[in-house]
Amino acid sequence: MEYIIFGCGDIGRTALECLGADNVSCFADNYHSGETVCGKRVVSFPEMVEICGTGEGTAVAVASDNYWEEMTAQVREAGIARYAVFREYTWPSYRKDRRRVCVSTGALAEKFGLTGCSRVGIYGETILAARLAEEIRRRAPGTELFLISQDPPASASISIPLPRMSLAEADGRIDCLCIAVPRCEDSAALRDRRDLPGCRVVDLYGVDPYEPAFQYAGLEACRNLHAGRRIFLVGNGPSLRIEDLNTLHEHGELCMAFNKAYRAYDRTPWRADYYGFSDAQAVNDCAADIPGLPGTVFMADTFHFFDNPHFKNARYFHMITEKFYPNYPGFSGDPSRGMYNGNTVVYDIGLQLAAYMGAGEIYLLGVDHTLSGDLAKPGNHFISDYIRPEELEQYRGVSVTTDRSTRAFQKAELYSRAHGFRIFNATRGGKLEAFERVDFDSLF
């Protein structure tokens, strides 16, 4: 299939890289016709309509993150039947050394061993599904391919010439199911399915763990390190009391804390056994203090993206950042190959790492789940100097919501129930209702 990329901005250039220059005839744009972009000519919208009317094997890739709805409507009104939307998260990719790396369909076939399967089902009527089917047919002509229907189709109207079947019909008839739909559009939540016997489920967007630079073998020492024990994940919400920290200290509880909680160390003998950072801004704010923190420090490998210093005392892990809302994020079973971002450090590091350490019970404390609006607003944290005066300006006007972290916490509860451990909310009040609540004081 040959493509015209409608939109020659950054997303259009990314689409060119992903689809392959040999598969793209030209760009089209409402404002830049007559120009040349990445060695491809840019035609006007009327010219694109004319080309699509005469070329049966031509499809349009609507490439924009901000205006894709308007551009898609324009394509439909012009009577173009073969099109697909290409957005920032449409194609499997990751960021490394400050640049986005898009994974080719050939690399996907190799990484996931797709050419070694005899019957492959591809879920999703997407531009990725169309290209992957072409790639597998080219590499392994004897492979039987099926299109597993998605209802409704994800922003696409590309006819993929494959036999169709429903997910129920696929059960027992395929040996590999490839998910070609981004997590944020996957209403069926196939990534967590366990009811397809004899069938391997492949998430084509789960490419980060295959990048050698993102693998941290040293973290394997954490596997079942605290098997059966209970661990407290101490958040920084306003409900947390210094007296609570003193109680944890007096009873020798295993604890993990995050970000700027150590700024209360001058008021309590309590010290966290583990410490976590997943936010680049928090790392910058705490850079002078991190080398001297007691306990084990875990840190997202943000040095791949930003100018953060590298800390010799930190144990790094790869943060898998993907668009998942309104669906669930992933939950890592092997942090040495990455942990998923859930829009809160308690999920990014705490819950996934505690589960990997084999904790039988995980207790959240000070996780109020009420942080919203202006981050610089007083009263958001358990100590007044959590954000120092000189740091306020960079947080002023930064607005957050709990929508995404709510979905992450709900995912953690589902994961814990399926994997034989429990998560309890011992926070005093707050708005987090994803976990069974317990009274903190009753635990002692």
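Residues numbered from 1 in each chain as written. Predicted model: local features only at pLDDT ≥ 70, side-chain atom pairs only at ≥ 80, totals over all residues. Heavy atoms only, no water.

Caption draft 1: Examining the packing of aromatic side chains more closely. Scanning all chains against the criterion turns up 17 aromatic pairs. Taking 5.9 Å as the distance between ring centres and 45 degrees as the angle between the ring planes, the aromatic pair formed by Y274 and F298 counts as tilted. With Y274 in strand β16 (residues 274-277) and F298 in strand β17 (residues 296-300), the pair connects residues that are 24 residues apart, well separated along the chain. Both residues of the pair, Y274 and F298, belong to the buried class. Members of the aromatic cluster, each reached through a chain of ring pairs, are F232, Y363, F424, F440 and F444. Across from the ring centre of Y265, 4.2 Å away, lies the NZ or CZ of R271, which sits over that ring. (Phe/Tyr/Trp six-rings, centres within 6.5 Å; stacked < 30°, edge-to-face > 60°. Helix = DSSP H or I, 4+ residues; strand = E, 2+ residues; numbered from the N terminus. Buried < 20%, exposed > 50% of the residue type's maximum accessible area, 1.4 Å probe, protein only. Lys NZ or Arg CZ within 6 Å of the ring centre and 35° of its normal.)

Caption draft 2: Region of the structure containing the pattern of salt bridges. Counted by the stated rule, this structure contains 21 salt bridges. Of the charged contacts in the structure, one is a salt bridge between R230 and E253, with a shortest N-O distance of 2.6 Å. Here the residue R230 occupies a position in strand β14 (residues 230-234), and E253 occupies one in the loop between α7 (242-250) and β15 (254-258), the gap between them amounting to 23 residues. For R230, a relative accessible area of 22% puts it in the partly exposed group. Here R437 makes a salt bridge to E433, at a shortest N to O gap of 3.1 Å. Through salt bridges with shared partners, one network takes in E110, E135, R138 and R139. (Salt bridge = Lys/Arg side-chain N within 4 Å of Asp/Glu carboxyl O.)

Caption draft 3: The arrangement of the environment of C38 in detail. As for its position among the elements, C38 is in the loop between β3 (36-37) and β4 (40-43). Under the relative-accessibility criterion, C38 is labelled partly exposed at 48%. Put simply, C38 and T14 are 24 residues apart on the chain and 11 Å apart in space, counted from C-alpha to C-alpha. Excluding residues within four positions of it along the chain, C38 makes contact with R13 and L16. (Contact = heavy atoms within 4.5 Å.)

Caption draft 4: Structural view of the pairing of strand β10 (residues 144-148). With 4 of 5 residues buried, β10 is to be regarded as a mostly interior element. In the sheet, strand β9 (residues 119-123) pairs with β10 via 5 bridges, with the strands oriented parallel. Paired with R119 across the strands is E144, a residue of β10. Each parallel crossover has a hand, and for β9 linked through helix α5 (residues 127-139) to β10 it is right-handed. Where β10 meets strand β11 (residues 164-165), 2 bridges bridge the pair, whose relative direction is parallel. Within β11, the position partnered with I148 by the bridge is M165. (Pairing = 2+ DSSP bridges. Right-handed = clockwise from strand over helix to strand, strands pointing away.)

Caption draft 5: Representation of helix α11 (residues 403-419). The terminal C-alpha atoms of α11, which comprises 17 residues, lie 25 Å apart, in line with the 24 Å expected from a rise of 1.5 Å per residue. Looking only at α11, the buried set comprises S405, A408, F409, K411, A412, E413, Y415 and S416. Of the surrounding secondary structure, the elements contacted by the buried residues of α11 are α9 (345-356), β21 (361-365) and β24 (422-425). Positive phi shows up at G420, right after α11, with a value of about 80 degrees. (Expected span 1.5 Å × (residues − 1).)

Caption draft 6: Main features of the pairing of β21. With 4 of 5 residues buried, β21 lies mostly within the body of the structure. Bridge analysis of β14 against β21 gives 5 bridges, and the strand direction is parallel. Each bridged residue has a counterpart across the sheet, and for I231 the counterpart in β21 is I362. For β21 and β24, the ladder comprises 4 bridges, and the chain directions are parallel. Note that in β24 the partner of E361 across the bridge is R422.

Caption draft 7: Up close: the nonpolar core. Residues L233, Y275, F277, L351, I362 and L364 are the most contacted members of the largest nonpolar core, which totals 76 residues. Per element, the largest residue contribution to this core is 9 residues, and it comes from α9. Beyond its immediate stretch of four places on either side in the chain, Y275 contacts M256, A257, F258, N259, K260, A261, Y262, Y265, L293, T296, V297 and F298. Formed by 48 residues, the second largest nonpolar core is a distinct cluster that contains L19, V101, A109 and L204. (Core = buried A, V, L, I, M, F, W, Y, C linked by side-chain atoms within 4.5 Å.)

Caption draft 8: Representation of the sheet that holds β11 in the model. Reading across from one edge, β11-β10-β9-β12-β13 is the order of the 5 strands in this open sheet, with parallel pairing throughout. In this open sheet, the two strands that pair with only one neighbour each are β11 and β13 (200-203). Both β9 and strand β12 (residues 176-179) contribute to a ladder of 4 bridges, which runs parallel. Note on β12: the bridge partner recorded for G121 is L177. Packing against the sheet, α5 makes contact with β9, β10 and β12, and its axis sits at approximately 165 degrees to β9. (Axes fitted to C-alpha atoms, helices over the stretch in contact; angles between N-to-C directions.)

Caption draft 9: Inspection of unusual backbone geometry at higher detail. Here the amide bond leading from Y325 into P326 is cis, since omega sits at 15 degrees, within 30 degrees of zero. Considering the arrangement of structural elements, one finds P326 in the loop between β19 (319-320) and β20 (339-340). A positive phi angle, near 55 degrees, is found at N224, a position not held by glycine. With respect to the helices and strands, the residue N224 is situated in the loop between β13 and β14.

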